[in-house]
Amino acid sequence: MKILISGSGIAGLTLANCLLSYGYQPVVIEKASSFRSIGSVISLRGDALFVLSKLGLLEQVKKCGVVIETRRFVQADGSELRNIDFRKFHIQQGGSIGIHRFSLHNILYEAIKNQIDVRFNTTIQFLTQNEESVRVCFQDGKEESFDYVFGADGIHSQTRNLLMGNQFEEQLDVGFSVFTIPKPEIFIKNLDTNQTLESLMPGYYVQCGMDADFAWGMFIYKQKYREQLKDVNNKEFLLALCKDITWGVRDIIEQIDHPSTIFQDTMTLIKLSKWSEGRIVLVGDAAHAMTFMSGTGGGKSMLGAYHLVEELMNCSTHHEAFQNYESYLKQAVQKTQKKSIKAAHFSSSDNQIMVYFKKALLKYFPPFLMNAVLKNLFIVKPQNTKNTL
Ligand SMILES: Cc1cc2nc3c(=O)[nH]c(=O)nc-3n(C[C@H](O)[C@H](O)[C@H](O)COP(=O)(O)OP(=O)(O)OC[C@H]3O[C@@H](n4cnc5c(N)ncnc54)[C@H](O)[C@@H]3O)c2cc1C
């Protein structure tokens, strides 16, 4: 069975690992020249942990894990609103390990790199299919036939565009910026390595964390703020956005050497009526991007990749396999997408009533009420309910 995987992100590399575990050696193509190390720490919850344990990679991930137990919410001047122990939420989500995105990529890549043909700087230019195979033309003009093509090329998937057109991206009026930099020699008051410091400000949210080697930050804001400052670079924008914050995040931003270290985008969902056509199937964000508000996009991408391969190995036709894979995941994805939209608007809201509500929630709500609100907005149970940690 000859399979092409387009994209070597979380979904593509999980697919490659799963296929390899059955003795198949897919070809993986990747647009970039190498893995990029931009982004922030991502949380791996129950769905991801389940797949990692199946692949025998969980222990490695645990070793590289960044433990975040408490999240400290503060006002602009650093005065505390609430220190929330998130371990109880982690249990509800089937466990949680924080990890730098580049560490996760590295673990997934190292497990396959000597056995699988991974071609960097390569993309699909066009593809055609019939009952028996898919003919792929790469951007260098070379052509090759495959039994199946798995499009795991992310939110702006080229495979999806070639197959179905580019009308499936639903952009929210919410933008985000993330960065990770070598840990600067500056001191942030009261920020422990297993803790994040966060502020829900009018119109934006900021989170900042540190481990032994790195500092990272994440911002979520009304997109209109970025548009109002469209002439400044990403670093100048963040400095302007959080000009009122004095607890130290601006000192960290000042340490960023180059604005391109900051990854910036608009929150986008992908909503498709079907995830495959013929012998071509979409996986991960290409099929169902959900934003990162629930912290489960990576997990669902891994779970989808795992189930797709399982179905392909066990069903009598690829049509049945692709259908089963889609049915297994779709309802959970749609529920998470709805929740994510609410969470994104909540985090970035500049409506005065919401601003007061957010502050009251953190400062005055009794724990059971605050937990109920957080659960309603941010907590997503894994499909595999067994805690793998
Ligand atoms: C700021 C942020 C924080 C997040 N936090 C979390 C979290 O805490 N937990 C969680 O589970 N999820 C999180 N997510 C979501 C998660 O990152 C995504 O759901 C996940 O990366 C999707 O994996 P993917 O492989 O489908 O896509 P990607 O990771 O986007 O990978 C796609 C790959 O395809 C490549 N590619 C693109 N176009 C082409 C092409 N034409 N040809 C070949 N290759 C191509 C890209 O270079 C990339 O390597 C977060 C996302 C963001 C943006």
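How each quantity is defined
- Residues numbered from 1 in each chain as written.
- Predicted model: local features only at pLDDT ≥ 70, side-chain atom pairs only at ≥ 80, totals over all residues.
- Heavy atoms only, no water.
- Near = heavy atom within 4 Å.
- Polar contact = N/O pair within 3.5 Å; in protein donor to acceptor, adjacent residues only side chain to side chain.
- Helix = DSSP H or I, 4+ residues; strand = E, 2+ residues; numbered from the N terminus.
- Nonpolar A, V, L, I, M, F, W, Y, C, P; charged D, E, K, R; others polar.
- Expected span 1.5 Å × (residues − 1).
- Buried < 20%, exposed > 50% of the residue type's maximum accessible area, 1.4 Å probe, protein only.
- Arc of directions from axis to C-beta.
- Contact = heavy atoms within 4.5 Å.
- Phe/Tyr/Trp six-rings, centres within 6.5 Å; stacked < 30°, edge-to-face > 60°.
- Lys NZ or Arg CZ within 6 Å of the ring centre and 35° of its normal.

(A) Spatial organisation of the site of the ligand. In the region of the ligand, 29 residues are neighbours, and Ala11, Glu30, Ser43, Arg101 and Asp285 sit closest. Within the backbone of Lys31, a nitrogen or oxygen atom sits 3.1 Å from a nitrogen atom of the ligand. Gly295 has a polar backbone atom sitting 3.1 Å from a nitrogen atom of the ligand. Where the shell around the ligand is concerned, the elements lending two or more residues are helix 1 (10-21), strand 3 (41-45), strand 12 (169-182) and helix 11 (297-314). A per-element tally of the shell around the ligand places helix 11 first, with four residues. Of the residues that constitute the shell around the ligand, the class distribution is eight nonpolar, 16 polar and five charged.

(B) Summary view of helix 13 (residues 352-363). With twelve residues, helix 13 should reach 16 Å at 1.5 Å per residue; the first-to-last C-alpha distance of 17 Å fits that figure. The complete set of buried residues in helix 13 reads Val355, Lys358, Leu361 and Leu362. Each buried residue of helix 13 sits inside an arc of 130° when the element is viewed along its axis, so together they form one side. Turned more than 90 degrees away from the buried face of helix 13 sit Ile353 and Tyr356, all of them exposed. Looking at the packing, one finds that the buried side of helix 13 touches strand 4 (70-74), strand 5 (80-85), strand 13 (195-201), helix 12 (318-348) and helix 14 (367-378). Two or three places before Ile353, at the opening of helix 13, Asn351 has a side-chain oxygen 2.9 Å from that residue's backbone nitrogen.

(C) Seen up close, the packing of aromatic side chains. All chains considered together, the criterion is met by eleven aromatic pairs. Relative to Phe89, the ring of Phe86 has its centre 4.9 Å away and its plane inclined at 45°; by these criteria the two rings are tilted. Each member of the pair, Phe86 together with Phe89, is buried. Look at Phe346 and Phe378: their rings are 6.1 Å apart centre to centre, the planes differ by 75°, and that puts the pair in the edge-to-face class. Of the two residues, Phe346 is situated in helix 12 and Phe378 in helix 14; the sequence distance between them amounts to 32 residues. Phe378 matches Phe346 in its accessibility class, with the two residues each being buried. Connected via pairs of aromatic rings, a cluster forms that spans Phe176, Phe263 and Phe292. When the ring centre of Phe146 is taken as reference, the NZ or CZ atom of Lys2 above it lies at 4.7 Å.

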